[in-house]
Amino acid sequence: MNGALLLNSSKVYAHFASTVAKRHCRSIATPSSVQLSLSHSKSHRISINSCSCAASGDSVQARQMASDDANDTRIAAISSAIRVIPDFPKPGILFHDITTLLLDTKAFKDTIDLFVERYRDKNISVVAGIEARGFIFGPPIALAIGAKFVPMRKPKKLPGEVISEEYSLEYGKDVMEMHVGAVEAGERALIVDDLIATGGTLCAAIRLLGKRVGVHVVECACVVELPELKGRDRLGDKPLFVLVN
Amino acid sequence: MSAYRDKDPRIHGIQTKIRVVPDFPKQGIMFQDITTLLLDPKAFKDTIDLFVERYKGKNISVVAGIEARGFIFGPPIALAIGAKFVPLRKPKKLPGKVISEEYILEYGRDCLEMHVGAVETGDHVLVVDDLIATGGTLCAAMNLLERVGAQVVECACVIELPDLKGRERLNDKPLYVLVESH
C-alpha cells in the first residue's frame, strides 16, 4: 500500500468529486517494437468501481485510489497505443485504428484484463463479438470468464440456419446474422466490439440477442467510444462500458 | 504434423464439436463449421491450450491471423505466448499504408493485405487460420510476411482437409493441425 496516496488529499478529493475525469494522454514511451507512428487519443477514466465512501475507512479509500491509479496507467497506455488516422475510409472521418494496440503485447493484455476484471463475477454465459474486430477482443474475454463465444456476422458467412437483423447505415442498410441455437432465452450476454460510433451495429446485436431470442444483454463493451456520435444514448437502457473516449 | 495423430485426449472433444454443414457455400462443399466449437468453453480452451503448449517459449514474436476466423484463434494464442497479433485482411479494411498480395481462387482472384511496419525483418511468425483447404490463402499470407523479411516458423490451423493437398502447396513450410477431415 502506498502511504503517499493518503497524504495527497486534494488528489483524493478530485477523484471522488467527479466520476469522469477528462485526461489528456502524456507522451508515453512506446515499445520499440511498435514502428508505426502514433498519434494520441484522449482518454477518459471511467469510474469503474462505483464508490460508496461515506462509511469506509481511509484504507478502503487508499485501496480504491491504488487500484484506480493502476487502472489509469493501463488505460493511458492503451489509449496511446491506438492510432488515429484521418480521412479513412472517407474524408472527414477520424479512424481509430486498434491494430497498433495489438502490436503492444502489454497494452493488449491489459485491455483484455480490464474487461475480464469487470465481467468475471457477473455470471455471463455468452460473449457475442461483432465481425470482424469484435472477433479479436471477444474470444480472449470469453475464454477467461468461461463463457461461450458467439460471432455476429455479415450476411452469408454463417452456414446453416441463421436469424438476421437489418440496420441502417449513414447511406443504406446492412444486415447482421447469428446462428439459430447458439444462445438460449435467459442466458446472460456481453456484446463486444472494438469501437462504438453511432451505435447502429451494437443496436442490431442487442435486437438479435435480446428481442429475437430472449437473452438478457447485461452490457456492451468497447475499447473506444466516439462520444460526439451519441451511440451511448442509442443503446437505450443497455449499459455501455468503454476504456477510452 | 497433427495432434490428431498424436492422440492427445483433448482432440476427440474438439473434433466432435466441429459441425459439418453440407452444400455450403455451394453444392458439393462440406463446410467445416467451428462456431459450434466456440460454444463449448472447455473445448475452445483446449484448442487454444494445444497451440500454446506447442509455441510457448519458441521465440515467436508475431502471430498473424487471417480474416475473419483467424481473428478468433490467433489473439488468444498471441496473448498467451507474449507475441504481437497482426491481422491479415481483405482489401480496403486496414487504414493507412498496406502491402497487398493477390492470390488465385477456384474462380477469380482475391487479395490479402497487411499493415506496413506491423512486422519487421527478423520477426518469427506463426500464421493462424481456422482451416487449411487448398492452401491458397495461407500461401498468400506467407508471401506477405516473407516480403517484409520476416521468418514464417509454422502455419497452424484447427482443421486440415488433406484431400485438397494444401500442405504440399506450402512448399516446405511446416503445418500443424489439430484435426483432419476427409
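Source: prediction; values computed, not measured.

*Asks:* Quick question: what am I supposed to make of the overall build of chain B here?
*Replies:* Helix and strand counts for chain B stand at 7 helices and 9 strands. Against the globule reference of 16 Å for 182 residues, chain B gives a C-alpha radius of gyration of 16 Å, in line with a compact fold. Counting only residues that meet the buried cut, chain B has 54% of its 182 residues in that class. When the accessible surface of chain B is split by element, carbon and sulfur atoms take 53% of a total near 7,900 Å². When the 24 basic and 25 acidic side-chain charges of chain B are each reduced to a single mean position, those positions are 2 Å apart.

*Asks:* Just checking my understanding: could you explain the sheet that holds strand 11 (residues 240-244) of chain A for this structure?
*Replies:* Within a sheet, each strand pairs with its neighbour through backbone hydrogen bonds, oriented either parallel or antiparallel. Residues and elements named next belong to chain A. Here 5 strands make up an open sheet; going across it, the order is 6-5-9-10-11 and the pairing parallel. Every other strand in the sheet has two partners, leaving strand 6 (148-152) and strand 11 as the edge strands with one partner each. When the angles between neighbouring strand axes are averaged without regard to direction, this sheet yields 25 degrees. Of the strand pairs in this sheet, strand 5 (residues 126-130) and strand 9 (residues 188-196) are connected by 4 bridges, and their pairing is parallel. Its bridge partner being in strand 9, Val-126 is matched across the sheet by Ala-189. The strands that helix 5 (residues 105-119) touches are strand 9, strand 10 (216-225) and strand 11; relative to strand 10, the one it contacts most, it runs at about 155 degrees.

*Asks:* Help me understand unusual backbone geometry, please; the structure alone is not making it clear to me.
*Replies:* Trans is the prevailing form of peptide bonds, just as negative phi is the prevailing case for residues other than glycine. In this structure, the amide linkage connecting Phe88(A) to the following residue, Pro89(A), adopts the cis form with an omega of 0 degrees. Topologically, Pro89(A) is positioned in the loop between strand 3 (83-86) and strand 4 (94-97). Unlike most non-glycine residues, Lys156(A) shows phi in positive territory, near 70 degrees. Residue position: Lys156(A) is located in the loop between strand 6 and strand 7 (162-168). We note that Asn59(B) has phi near 65 degrees; this positive angle belongs to a residue other than glycine. If you trace the backbone, Asn59(B) turns up in the loop between helix 4 (41-55) and strand 3 (62-66).

*Asks:* Would you mind going over the packing of helix 2 (residues 9-17) of chain B against helix 4 of chain B with me for this structure?
*Replies:* Pairs of packed helices are described in terms of their axes, by the angle between the two and the distance that separates them. Residue and element names in this part refer to chain B. At their nearest, the axes of helix 2 and helix 4 sit 9 Å apart, and the two run at 130 degrees to each other. Relative to helix 4, helix 2 is oriented oblique. For the pair helix 2 and helix 4, the crossing hand works out as left-handed. Counted together, Arg-10, Ile-11, Gly-13, Ile-14 and Lys-17 of helix 2 and Ala-43, Asp-46, Thr-47, Asp-49, Leu-50 and Glu-53 of helix 4 form the full contact between these two elements. Looking at the contact of helix 2 with helix 4 residue by residue, the classes come out as 4 nonpolar, 2 polar and 5 charged.

*Asks:* Help me understand the packing of aromatic side chains, please; the structure alone is not making it clear to me.
*Replies:* For any pair of aromatic rings, geometry is given as the distance between the ring centres together with the angle between the planes. Here the structure, examined in full by the defined rule, presents 10 aromatic pairs over all chains. Summarising the aromatic geometry, the rings of Phe44(B) and Phe73(B) are spaced 5.9 Å apart at their centres and angled 85 degrees between planes, so their arrangement reads as edge-to-face. Residue Phe44(B) is located in helix 4, and its partner Phe73(B) is located in helix 5 (residues 70-81); the two are separated by 29 residues in the primary sequence. In this structure, Phe44(B) and Phe73(B) share a single accessibility class: buried. Put simply, the rings of Phe115(A), Tyr119(A) and Phe241(A) pair up and form one aromatic cluster. In this arrangement the basic side chain of Arg54(B) is found over the ring face of Tyr176(B), its NZ or CZ atom lying 4.1 Å from the centre.

*Asks:* Where do I start with the interface of chain A and chain B in this structure?
*Replies:* The parts lose accessible area when they come together, and the size of an interface is often stated as this lost area. Taken residue by residue, the interface counts 37 residues in chain A and 37 residues in chain B. Summed over both partners, the interface of chain A with chain B comes to about 2,900 Å²; 72% of that surface belongs to carbon and sulfur atoms. Between chain A and chain B we count 0 salt bridges in total. Linking chain A with chain B are 7 residue pairs in polar contact (both at pLDDT 80 or more), by the criterion used here.

*Asks:* Would you mind going over the pairing of strand 9 (residues 175-180) of chain B with me for this structure?
*Replies:* The side chains of a regular strand alternate, first on one face of the sheet and then on the other. Residue and element names in this part refer to chain B. With 6 of its 6 residues buried, strand 9 lies for the most part within the structure. Examined bridge by bridge, strand 8 (residues 151-160) and strand 9 share 5 bridges and lie parallel to one another. In the strand pairing of strand 9, Cys-155 is matched with Leu-175.

*Asks:* Got a minute to help me understand the sheet that holds strand 4 (residues 84-88) of chain B in this structure?
*Replies:* All names here are of chain B. If you trace the 5 strands from one edge of the open sheet to the other, you get 4-3-7-8-9, paired in parallel fashion. The two strands at the open ends of the sheet, each matched to only one other strand, are strand 4 and strand 9. Looking at each pair of strands side by side, their axes are set apart by 20 degrees on average, direction ignored. Bridging between strand 3 and strand 4 involves 5 bridges; their strand directions are parallel. Pairing of Gly-65 across the sheet is with Pro-87, part of strand 4.

*Asks:* Sorry if this is basic, but what is going on with the pattern of salt bridges here?
*Replies:* Two side chains bearing opposite charge may form a pair once their charged atoms approach each other closely. Residues and elements named next belong to chain A. Using the criterion set out here, one finds 31 salt bridges over all chains in the structure. Note that Asp-97 is salt-bridged to Arg-83, the shortest N-O span being 2.9 Å. Residue Asp-97 is located in strand 4, and its partner Arg-83 is located in strand 3; the two are separated by 14 residues in the primary sequence. Of the residues examined, Arg-83 reaches a relative accessible area of 9% and is grouped as buried. Two residues, Lys-109 and Asp-113, come together in a salt bridge whose shortest N-O distance is 2.8 Å. A residue pair is termed a helical-turn pair when its members lie 3 or 4 positions apart in one helix, as Lys-109 and Asp-113 do in helix 5 at 4 residues. Connected through shared salt-bridge partners, Glu-131, Arg-153 and Lys-157 make up one network.

*Asks:* Please explain the side chain of Asp110(A) as it appears in this structure.
*Replies:* Looking at where Asp110(A) falls in the secondary structure, it is placed in helix 5. In this structure the side chain of Asp110(A) is engaged in a polar contact, spanning 2.6 Å, whose partner is the side chain of Lys106(A).

Conventions adopted
Residues numbered from 1 in each chain as written. Chains lettered and ligands numbered in written order. Predicted model: local features only at pLDDT ≥ 70, side-chain atom pairs only at ≥ 80, totals over all residues. Heavy atoms only, no water. Helix = DSSP H or I, 4+ residues; strand = E, 2+ residues; numbered from the N terminus. Rg over C-alpha atoms; globule rule 2.2 N^0.38 Å. Buried < 20%, exposed > 50% of the residue type's maximum accessible area, 1.4 Å probe, protein only. Areas by Shrake-Rupley, 256 points an atom, 1.4 Å probe, with all protein chains shown as cover. Lys, Arg positive; Asp, Glu negative; His and termini not counted. Charge placed at Lys NZ, Arg CZ, Asp CG, Glu CD. Pairing = 2+ DSSP bridges. Axes fitted to C-alpha atoms, helices over the stretch in contact; angles between N-to-C directions. Contact = heavy atoms within 4.5 Å. Parallel < 35°, antiparallel > 145°, perpendicular 65-115°, else oblique. Left-handed = near helix turned anticlockwise from the far one by under 90°. Nonpolar A, V, L, I, M, F, W, Y, C, P; charged D, E, K, R; others polar. Phe/Tyr/Trp six-rings, centres within 6.5 Å; stacked < 30°, edge-to-face > 60°. Lys NZ or Arg CZ within 6 Å of the ring centre and 35° of its normal. Buried area = accessible area lost by both parts, 1.4 Å probe. Salt bridge = Lys/Arg side-chain N within 4 Å of Asp/Glu carboxyl O. Polar contact = N/O pair within 3.5 Å; in protein donor to acceptor, adjacent residues only side chain to side chain.

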